[in-house]
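# Tertiary structure, described
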Amino acid sequence: MINIFAIDPLLVGDLLWTPLIIVLLKVLAVFVTGLVATMLMVWFERKVVAGMGNRIGPNKAGPFGLLQTLADGTKLFFKEDLIPERADRFVFKLAPFLSFVPAFLSFSIIPLGGDYRNGNGGMVTWFGEQTRVQLADPPVGVLFALAISAIAVYGIMLAGWSSGSKYPLLGSVRASAQMVSYEASLGMSLATVFLVTGTLSTSGIVNAQGTLGTWNVVATGLVPFVIFFISATAELNRPPFDLVEAEQELVGGFNTEYSSIRFALFFLAEFMNTITMSALMVTLFFGGPQPIAFRGVVLDIPLIPNGLEGTVWLFLKVLVFLYVYVWLRATLPRFRYDQLMNLGWKVLIPASLGWFMLLAAQRLGRDQGWNTIAVTVVSVVVLGICYVLLQLAFSVSAKQREAEGSMF
Amino acid sequence: MELFVFVCASIMILVGAIGVVVRKHPVHAALSLVLTLFGIAVLFVAQEAEFLAAVQVIVYAGAIVVLFLFVIMLLGVDRVEELRTEPIAGQRWIAAFVGVAMLGLLVAAIVTGAEAVIGRGDGIASNIAGDNSDANVAQLANSVFSDYVLAFELTSILLVIAVVGTVLLARKRKGQRVVAP
């Protein structure tokens, strides 16, 4: 019964007042951090994209235009809230929450700091209680994030359908097909991380990445990270995979009929998801709150206690990813829909599956004491044969399509 | 506490299940199904089977019902169905009979197996000593890939057959006109 609260040493045993207050504070902190981070992210994105396009960007509201998002949000709140006549009223109202709530839920499992050095395992002491700097550390860890992102599909899908209008429906069908397809490769590249670290929980994964050499981006051999990054971008509907809101073709995508606060919720969820995905990537592949350490040399930030330093490291690492996302938006043109599906199904899913098998073979070879070189050669040959077969299948199907005409 | 969780989850499941049957609109029925699946996931967590709960949400709520919704939206059956006519004669009586028979079977199974379930009282996780958080996954993997590996492989073959069958059915044969739905 204890496990229902996730394994946090705080909640083992009798429930006392101090742990309860700490948990409530954590909930509040995570929620507020999420909202403020989203606000700053919108500003950051506009400013950086403007800089890359030789413009100035928001500069009127507040210092450096920092309060621009707040102004926009307030404006959206006071706008009239329209519901189209042909809309399915209940689902139309439900959909924004279905995309807003998951965005915050998946933020709760990310280790936001803590001392992972000297075998501390991310424990910090607050008010005399041992705890982790993360809201929840469920045993299934990252699978929880995967489940939540599966739920987030509903928000977009139902928003488009319930609008009772043509373009939103097209946008939402595109979006959900894209998200469902890329979830597969996302999961497969996650599985390699589980294979290497041997645990599902986020704090355990961070704990296993003590030095630069054990960061999962190195330990899993870079390929899973690249696949995860591409799939995550597609999952987030960020450019260059933002076919969901291709303005030129779809007016505005799934949220065309939404206005006022409901639109603001979608907008918030989108940016919140970007931050969460970046944080998840840092957690999984780049050591999360762990400092950069190499061969016993730890890059320590002086004057800050270790527990707080984790937060600083996480912030810096996440910032790099957020910048990359903005950079992608400013530079890359949008994919065509068939290119998107080809990339997902014909490249990323086979590649992630193949890499997973390769790592699994290595692991098995090490456990059984087989010759590492022999294992590698055999698995590479097997994967090569699989690759040739796959290409053969593609070329045959392409030929048949030419002979018979397309299916639809 | 456990009773409270059980009651809440059961209410979710029952409301969802009744909704699937009663709701006239296919999309609403599918959403009720999601509610049911969620409730079952909550029950799994309460039984310390977190992995099953996660898989339940990822696979059933995240993939299968999304596919249902896809079919409903793309094929344009998202309007209220005419329910008074029976496509197959006597369908309702047969359905009612099978339903009652199923209920009888379930009750019989619970009555005969009551002691076995309540008496032992060990969840999935508690078989491995200590608070190993990955006990769930390790145990499932051990039994699926050792004791039940044949059944596991047969299931995967079944899935492959289903995919091949679908592709064959959906393919246009030479010279055949595609009828717009």
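Residues numbered from 1 in each chain as written. Chains lettered and ligands numbered in written order. Predicted model: local features only at pLDDT ≥ 70, side-chain atom pairs only at ≥ 80, totals over all residues. Heavy atoms only, no water.

To continue, consider the overall build of chain A. When helices and strands are counted, chain A shows 13 helices and four strands. The C-alpha atoms of chain A give a radius of gyration of 23 Å, which matches the 22 Å a tight globule of 408 residues would have. Along the first, second and third principal axes, the C-alpha atoms of chain A reach 60 × 60 × 50 Å. Across the 408 residues that make up chain A, the buried fraction comes to 48%. Within chain A, counting contacts between residues at least 6 apart in sequence, those at least 24 apart form 76% of the total. Total accessible area on chain A stands at roughly 19300 Å², and carbon and sulfur atoms take up 70% of it. (Helix = DSSP H or I, 4+ residues; strand = E, 2+ residues; numbered from the N terminus. Rg over C-alpha atoms; globule rule 2.2 N^0.38 Å. Buried < 20%, exposed > 50% of the residue type's maximum accessible area, 1.4 Å probe, protein only. Contact = heavy atoms within 4.5 Å. Areas by Shrake-Rupley, 256 points an atom, 1.4 Å probe, with all protein chains shown as cover.)

Contact residues are listed per partner, giving 34 residues for chain B and 31 residues for chain A. For the pair chain B and chain A, the summed buried surface comes to about 3000 Å²; carbon and sulfur atoms form 73% of the total. Our count for the chain B to chain A interface comes out at zero salt bridges. Taken together, the links from chain B to chain A amount to two residue pairs in polar contact (both at pLDDT 80 or more). (Buried area = accessible area lost by both parts, 1.4 Å probe. Salt bridge = Lys/Arg side-chain N within 4 Å of Asp/Glu carboxyl O. Polar contact = N/O pair within 3.5 Å; in protein donor to acceptor, adjacent residues only side chain to side chain.)

With that settled, consider the side chain of A:T197. Relative to the assigned elements, A:T197 resides in helix 5 (residues 166-197). In this structure the side chain of A:T197 is engaged in a polar contact, spanning 2.7 Å, whose partner is the backbone oxygen of A:V193.

The subject of this paragraph is the pattern of salt bridges. All names here are of chain A. Going through the model one piece at a time under the given rule, you end up with six salt bridges over all chains. In this structure, the salt-bridge partner of R46 is D72, at a minimum N-O distance of 3.1 Å. Of this pair, R46 sits in helix 1 (residues 17-52) while D72 sits in helix 2 (residues 68-77), and the two are 26 residues apart along the sequence. Judged by relative accessible area, R46 falls into the partly exposed class, the value being 38%. Note on D72: relative accessible area 27%, which makes it partly exposed. Between R262 and D81 there is a salt bridge whose closest N-O contact spans 2.8 Å. Of the two residues, R262 is situated in helix 10 (residues 260-285) and D81 in the loop between helix 2 and helix 3 (89-105); the sequence distance between them amounts to 181 residues. Assessed through its relative accessible area of 12%, R262 is described here as buried. Judged by relative accessible area, which is 32%, D81 ranks as partly exposed. Look at the salt bridges and you will find they share partners, linking E45, R238 and R329 into a network.

The next thing to look at is the domain arrangement of chain B. Considered domain by domain, chain B is made up of domain 1 (1-84) and domain 2 (136-173). Inter-centroid distance (C-alpha atoms) of domain 1 of chain B to domain 2 of chain B is 23 Å. (Domains from an automatic or database assignment.)

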